[in-house]
Amino acid sequence: ISRGIRLVKTENQQTNAMGKMAQAVRNTADAVNQMLQIPIVGRIFASNPVPVPSSDFNYYDAESTIDLASSLLPQREKVADLFALEVQGDSMIDAMVNDGDIVIMKRVKEVKNGEMVAVWLNDRDETTLKYFYLENGRVRLQPANPHMQPIYIENPAVVEVQGKVVMVIRRVESAN
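All residue numbers here refer to positions counted from 1 along the written sequence of the relevant chain. Residues qualify for local features only when their pLDDT is at least 70, as the model is predicted, and side-chain atom pairs are given and counted only at 80 or more; totals for whole chains, interfaces and linings, by contrast, use all residues. Hydrogens and water molecules were not included; the side-chain quantities draw on all heavy atoms of the structure.

A. Up close: the pattern of salt bridges. Between Lys or Arg on one side and Asp or Glu on the other, a salt bridge is scored when a side-chain nitrogen of the former is within 4 Å of a carboxyl oxygen of the latter. On inspection of all chains with the given rule, the structure shows six salt bridges. Here Arg-43 makes a salt bridge to Glu-86, at a shortest N to O gap of 3.7 Å. Of this pair, Arg-43 sits in strand S1 (residues 35-45) while Glu-86 sits in strand S4 (residues 82-88); the two residues are 43 residues apart in sequence, bridging distant segments of the chain. Between buried and exposed lies partly exposed: a residue is buried under 20% and exposed over 50% of the maximum accessible area for its type, with that area taken using a 1.4 Å probe on protein chains only. On the basis of relative accessibility, which here comes to 15%, the residue Glu-86 falls in the buried class. With its nearest N and O atoms 3.1 Å apart, the salt bridge here joins Lys-164 to Glu-115. Taken as a pair, Lys-164 in strand S10 (residues 159-169) and Glu-115 in the loop between strand S5 (102-106) and strand S6 (116-121) lie far apart in primary sequence, 49 residues in all. In this text, helices come from DSSP runs of H or I with a minimum length of four residues, and strands from runs of E with a minimum of two, each type numbered from the N-terminal end.

Structure below.
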């Protein structure tokens, strides 16, 4: 019985396959190099405004970060302007922001009506995550939960926007 090996691919086809594999390795290395580390600086309450603790406010140490592919963010976003907060509460559930999710925030000086923002109410020393609306000389902080009422702030000067939400990262619980 005759035994032998027959090459199925030509040498040229093998060279092309090796080139594609090398390109895939380079693409993977580029993706790893484009990972961003965004600091997790604390919690934001998606509920009624909650007082800021007077001490030990930083729930996370300096090394707490979230790794994020730069391709997931708009190209114009500067990493230095980004920070992350863990959401606690359910006032934004209809906006697909649940308890335990991580929101990626961008520091901003101005905010437009309808943007989801983290605000600090400096007269009460409280924080919350809500939709922002400036209406008739007052601020409306609108929850995205039909069981909660909006919060009206008569003096807009007491509302300090800490950042606006640019991305939500969902925490998925295991079924075990």
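B. A look at a nonpolar patch on the surface. Two distance rules govern patches: like charges are joined within 9 Å, and nonpolar side chains (Val, Leu, Ile, Met, Phe, Trp, Tyr) within 5 Å, applied only to residues with over 30% relative accessible area and no salt bridge. Computed with a 1.4 Å probe, the accessible areas rest on the Shrake-Rupley method; for each residue, only the protein chains presented here act as cover. There is a patch of nonpolar side chains on the surface, built from Met-18, Met-21 and Val-25 and spanning about 320 Å² of accessible area. Here Met-18 shows up in helix H1 (residues 11-33).

C. Up close: the nonpolar core. By nonpolar core is meant a set of buried Ala, Val, Leu, Ile, Met, Phe, Trp, Tyr and Cys residues that side-chain atoms within 4.5 Å join together. Counting 15 residues, the largest nonpolar core has Met-92, Val-103 and Leu-129 as the members making the most contacts within it. Sort the elements by how many residues they give to this core and S4 lands first, with three residues. In this structure, Met-92 is in contact with Ala-46, Val-97, Met-116, Leu-129, Lys-130, Tyr-131, Gln-142, Pro-143 and Ala-144, ignoring residues within four places of it in sequence. In terms of nonpolar packing, the next biggest core, distinct from the first, is built from eleven residues, Leu-36, Ile-38, Leu-82 and Ile-104 among them. Should any heavy atoms of two residues lie within 4.5 Å, those residues are counted as being in contact.

D. Spotlight on unusual backbone geometry. Positive phi outside glycine occurs at Met-96, with the angle close to 65 degrees. Position of Met-96 relative to the elements: it lies in the loop between S4 and S5. Accessibility expressed as a relative area gives 52% for Met-96, which makes it exposed. At Asp-125, a residue that is not glycine, the phi angle is positive and equals roughly 60 degrees.

E. How the structure looks around the confidence of the model for the protein. A residue's pLDDT is the confidence the predictor assigns to it, expressed on a 0 to 100 scale. In this model, the protein carries a mean pLDDT of 82, and residues with pLDDT of at least 70 account for 82%. Predicted confidence in the protein is weakest over strand S2 (residues 50-51), with a mean pLDDT of 64, and strongest over strand S8 (residues 138-142), with 95. The model gives residues 54-58 a pLDDT under 50, and that stretch makes two contacts with residues more than four places away or in other chains.

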